[in-house]
Amino acid sequence: MQAAWILLILGVPMLWLFHWGIELVQRNPRSTISRWLFAEHLILLAMLFTVLLTQLWPAGAYRVAVWGLGTLGAVLTGVGIRIHLQVLRWERRWPRWLVEVVTWVWMALALFSVISGLNLYNVDGFVWRGFWWEPIYGARFHRAMEIAVVVSSATAIGLGYGLGRATHPNQRGRLLGLFWGALTLIVADLVLGVMLPASAPPWLPPYPYLAGMLVWIALMRRTVTRYALVSSRAQRYQTLFSSNPAPMVLVDPSGEILDANAAAVQLVGRLPTMAEKLFFPTHRDLVQERLRTLMQGEQLHNAFEAEVLSQGGERRLLAVEAEAMDVGEDLFALWVLRDVTEERANTDAISRLAYQDSLTGLANPRYFRQRLREMTQGDAAFAVLLVDLDDFKHFNDTHGHRHGDWVLSQVGQRLQRLFRPGDVVARLGGDEFGVLVQNVNTAGDAQSLLARLLAAMGEPLAAPGLVPVRVRISAGLSRYPEDGLDGESLLHAADLAMYAAKRSGKDGWRLYDTSLAE
């Protein structure tokens with residue numbers, strides 16, 4: 001009956017240590033610190049087994065204690081020092097030889113103890129006291145406990161120093177957990193080791209300081225799981241996702257947002273339940289279509305741009321890189337978001353500089369000719385309109401270039417108001433303007449357009465510092481495809497018509513006809 005109770009009292013913590021040691025290795029078998037922690041658990045497990053053996057085999061208890069407990073305790077000290085050096089990251093700062101010395105010198109002592117058979121740091125013998133076959137705690141045992149207190153105190157000081165310098169909350173949590181563990185060892189080794197009399201009270205189990213080691217292991221386990229001292233693969237990937245500086249969103253096939261990292265939340269604030277609602281309504285059809293093609297396996301990757309409302313209430317343009325992720329039987333979409341608002345604004349600004357007239361803000365000749373080439377490649381009817389200001393050189397010479405530039409700017413604004421958004425209004429140089437007018441199908445459409453143009457330009461301009469100025473123009477118009485099939489032909493025809501209007505007395509317009517080419 002006594003043996004059964006001894007098995008129960010010592011067997012339960014042994015099973016717990018074995019189970020958690022296996023769990024620890026499974027978390028990350030490649031991690032160095034994981035292996036050291038596993039070794040630590042095996043050593044403490046072996047120490048408890050040694051205590052159990054002394055209880056079940058009294059005749060060999062002294063020899064088992066000398067070869068087992070003292071030896072294992074020395075090895076455990078070296079392993080514990082190595083673990084704390086890694087956690088404090090001193091292993092990388094210290095010279096390599098010093099790290100190896102403070103780790104393996106304890107192993108050397110243990111090996112010497114085994115080979116020599118000497119009782120360097122263990123009990124003097126055993127005697128029955130109440131329930132237990134109790135050890136007699138002599139000078140050697142107390143010396144070993146004093147060394148353990150010194151080592152634990154040095155460890156606690158190192159952990160306290162690291163704690164004072166730690167800035168990351170996770171690192172502080174790790175060090176604080178290990179610091180309390182070191183304090184537990186100090187108290188246990190002092191009260192249940194150094195201060196133990198040779199004849200300990202009969203109600204104490206043998207080697208009661210081992211209870212402090214179990215508490216230390218429990219605190220270590222809490223640190224491992226709570227602060228990822230040994231991270232599992234899943235934890236590593238979760239950390240990579242959560243702490244990645246690139247905003248990322250995980251979406252399931254139905255379009256529901258399953259997860260988003262801190263960078264995504266910082267960019268757009270609180271995320272909606274459904275992915276398409278993250279974007280402006282004008283972009284939701286696009287988002288749904290891209291998600292559908294990804295989830296149905298039509299594509300493994302796609303990219304699109306859509307606008308969102310940022311956390312600060314600004315309208316931002318996001319470039320979305322979407323990847324299909326097959327995890328077992330489940331398929332997800334990973335969206336990596338990139339704010340391209342400024343990038344697009346810069347691109348647009350560069351584009352405007354390349355295609356915009358600096359004085360009037362209208363299109364420049366380069367853009368006008370490019371659009372003209374593109375339009376002649378289609379089937380839709382359009383017109384090329386050229387407008388030239390009459391006697392503008394005289395106005396410039398009389399009133400100065402500053403007033404002349406103002407008039408050109410006002411003429412550009414009137415032309416832009418007169419024509420539709422799809423038409424191209426450009427300043428072609430000096431006082432000449434060009435317009436590409438869509439949907440001019442007949443001569444009647446052209447005549448109506450030119451009549452409106454002349455009426456609009458006939459309104460006087462109130463030039464600053466001058467009496468109102470009436471701008472007179474000469475306009476010529478050619479039509480596609482009747483008057484030419486390429487841009488150069490259409491421009492030449494419109495130019496002939498415009499100069500025909502000038503020869504007819506200016507302040508008028510003319511449609512191109514074949515007689516002008518003769």
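Here is what the cut-offs are and how they apply
Residues numbered from 1 in each chain as written. Predicted model: local features only at pLDDT ≥ 70, side-chain atom pairs only at ≥ 80, totals over all residues. Heavy atoms only, no water. Helix = DSSP H or I, 4+ residues; strand = E, 2+ residues; numbered from the N terminus. Rg over C-alpha atoms; globule rule 2.2 N^0.38 Å. Buried < 20%, exposed > 50% of the residue type's maximum accessible area, 1.4 Å probe, protein only. Areas by Shrake-Rupley, 256 points an atom, 1.4 Å probe, with all protein chains shown as cover. Lys, Arg positive; Asp, Glu negative; His and termini not counted. Charge placed at Lys NZ, Arg CZ, Asp CG, Glu CD. Expected span 1.5 Å × (residues − 1). Contact = heavy atoms within 4.5 Å. Phe/Tyr/Trp six-rings, centres within 6.5 Å; stacked < 30°, edge-to-face > 60°. Core = buried A, V, L, I, M, F, W, Y, C linked by side-chain atoms within 4.5 Å. Patch = residues over 30% accessible without salt bridge, like charges linked within 9 Å, V, L, I, M, F, W, Y side chains within 5 Å. Salt bridge = Lys/Arg side-chain N within 4 Å of Asp/Glu carboxyl O. Pairing = 2+ DSSP bridges. Axes fitted to C-alpha atoms, helices over the stretch in contact; angles between N-to-C directions.

**With respect to the overall build of the protein chain**
When you go through the protein chain residue by residue, the secondary structure sums to 16 helices and 12 strands. In terms of overall dimensions, the protein chain is more spread out than a globule: its C-alpha atoms have a radius of gyration of 44 Å, far above the 24 Å expected for 518 residues. Burial statistics for the protein chain: of 518 residues in total, 47% are counted as buried. Summing over all exposed atoms, the protein chain offers an accessible surface of approximately 26500 Å²; the carbon and sulfur share of this is 59%. Considering the protein chain, the positive charge centre built from 48 side chains and the negative charge centre built from 48 side chains are found 11 Å apart.

**What to know about helix α14 (residues 401-418)**
Across its 18 residues, α14 extends 26 Å between first and last C-alpha, which sits within 8% of the 26 Å expected from 1.5 Å per residue. Within α14, burial applies to His 403, Gly 404, Val 407, Leu 408, Ser 409, Val 411, Gly 412, Arg 414 and Leu 415. Buried-residue contacts for α14 involve β8 (382-389), α13 (392-399), β9 (424-429), β10 (432-438) and α15 (443-457).

**Some details on helix α3 (residues 61-87)**
The end-to-end C-alpha distance of α3, which contains 27 residues, comes to 37 Å, matching closely the 39 Å that a straight helix rising 1.5 Å per residue would cover. Within two residues after α3, Arg 89 carries a phi angle of roughly 65°, on the positive side.

**Observations concerning the environment of Leu 258**
Topologically, Leu 258 is positioned in strand β4 (residues 257-260). The exposure class assigned to Leu 258 is partly exposed, which follows from its relative accessible area of 41%. Residues Leu 258 and Thr 273 lie 15 residues apart in sequence; the distance between their C-alpha atoms is 8.2 Å. Contact partners of Leu 258, with chain neighbours within four places excluded, come to Leu 250, Asp 252 and Phe 332.

**Things to note about the packing of aromatic side chains**
Within this structure, the stated rule accounts for 17 aromatic pairs. Their ring planes at 55° and their centres at 4.9 Å tell us that Trp 128 and Trp 133 sit as a pair that is tilted. Judged by relative accessible area, Trp 128 falls into the partly exposed class, the value being 46%. A relative accessible area of 14% places Trp 133 in the buried class. A centroid spacing of 6.1 Å and a plane angle of 70° characterise the contact between Phe 179 and Trp 180, whose relative ring orientation is edge-to-face.

**Overview of the nonpolar core**
By size, the foremost hydrophobic cluster in this structure holds 65 residues, and its most contacted members are Met 47, Phe 141, Tyr 207, Tyr 209 and Leu 210. The element that contributes the greatest number of residues to this core is α3, accounting for 12 residues. When sequence neighbours within four positions are dropped, the list of residues in contact with Phe 141 reads Tyr 121, Asn 122, Val 123, Gly 193, Leu 196, Tyr 207 and Tyr 209. Membership of the second largest hydrophobic core comes to 29 residues, among which are Phe 395, Val 425, Val 440 and Ala 475.

**Regarding unusual backbone geometry**
Note the cis peptide between Tyr 480 and Pro 481, where omega equals 10°. Mapped onto the secondary structure, Pro 481 falls in the loop between β11 (473-480) and α16 (487-503). The phi dihedral of Asp 391 falls on the positive side, at around 55°, and the residue is not glycine. Its place among the elements puts Asp 391 in the loop between β8 and α13. You will see that Asp 507, though not glycine, has its phi angle at about 50°, which is positive. Asp 507 gets classed as partly exposed once you look at its relative accessible area, which sits at 25%.

**Concerning a nonpolar patch on the surface**
On the surface, Trp 5, Leu 8, Ile 9 and Val 12 cluster together into a nonpolar patch covering about 380 Å² of accessible area. Its place among the elements puts Trp 5 in helix α1 (residues 2-27). Relative accessible area serves as the criterion here: at 42%, Trp 5 is assigned to the partly exposed category.

**Comments concerning the sheet that holds strand β12 (residues 508-511)**
Strand order in the open sheet formed by five strands is β9-β10-β8-β11-β12, with mixed pairing between adjacent strands. Looking along the sheet, the strands with just one partner apiece sit at the ends: β9 and β12. If you compare each strand with its neighbour and ignore which way they point, the axes differ by 20° on average. As paired strands, β8 and β10 are joined by seven bridges and run antiparallel to one another.

**Some thoughts on the pairing of β8**
Counting buried positions over the eight residues of β8 gives eight, a clear majority of the element. Every second residue of β8 is oriented toward a common face, with Phe 382, Val 384, Leu 386 and Asp 388 on one face and Ala 383, Leu 385, Val 387 and Leu 389 on the other, all of them buried. Pairing between β8 and β11: eight bridges, direction antiparallel. Bridged to Val 384 within β11 is Ser 478.

**Side note on a positive patch on the surface**
Taken together, the side chains of Arg 89, Arg 92, Arg 93 and Arg 165 define a basic patch exposed on the protein surface. For Arg 93, the position within the fold is in the loop between α3 and α4 (96-116). Residue Arg 93 is classed as exposed on the basis of its relative accessible area of 60%.

**Re the pattern of salt bridges**
Pairing of side chains with opposite charge becomes possible as their charged atoms draw close. Across all of its chains, the model carries 18 salt bridges by this definition. In this structure, the salt-bridge partner of Arg 292 is Glu 289, at a minimum N-O distance of 2.7 Å. Highlighted residues: Arg 292 and Glu 289, both in helix α10 (residues 281-295), separated by three residues, approximately one helical turn. Put simply, Arg 369 and Glu 488 hold a salt bridge, and the shortest N to O gap is 2.9 Å. Of this pair, Arg 369 sits in helix α12 (residues 365-376) while Glu 488 is found in helix α16, placing the two residues 119 residues apart along the sequence. Several salt bridges share partner residues, and in doing so they unite Arg 82, Arg 96 and Glu 100 into one network.

**Some words on the side chain of His 84**
By the secondary structure assignment, His 84 is in helix α3. Residue His 84 is classed as buried on the basis of its relative accessible area of 7%. Each residue touching His 84, except ones within four places of it in the same chain, is listed here: Thr 155, Leu 159, Leu 178 and Trp 216.

**Let's talk about the environment of Met 220**
Along the chain, Met 220 turns up in helix α7 (residues 209-226). Taking the relative accessible area as the measure of exposure, Met 220 reaches 1% and is therefore buried.

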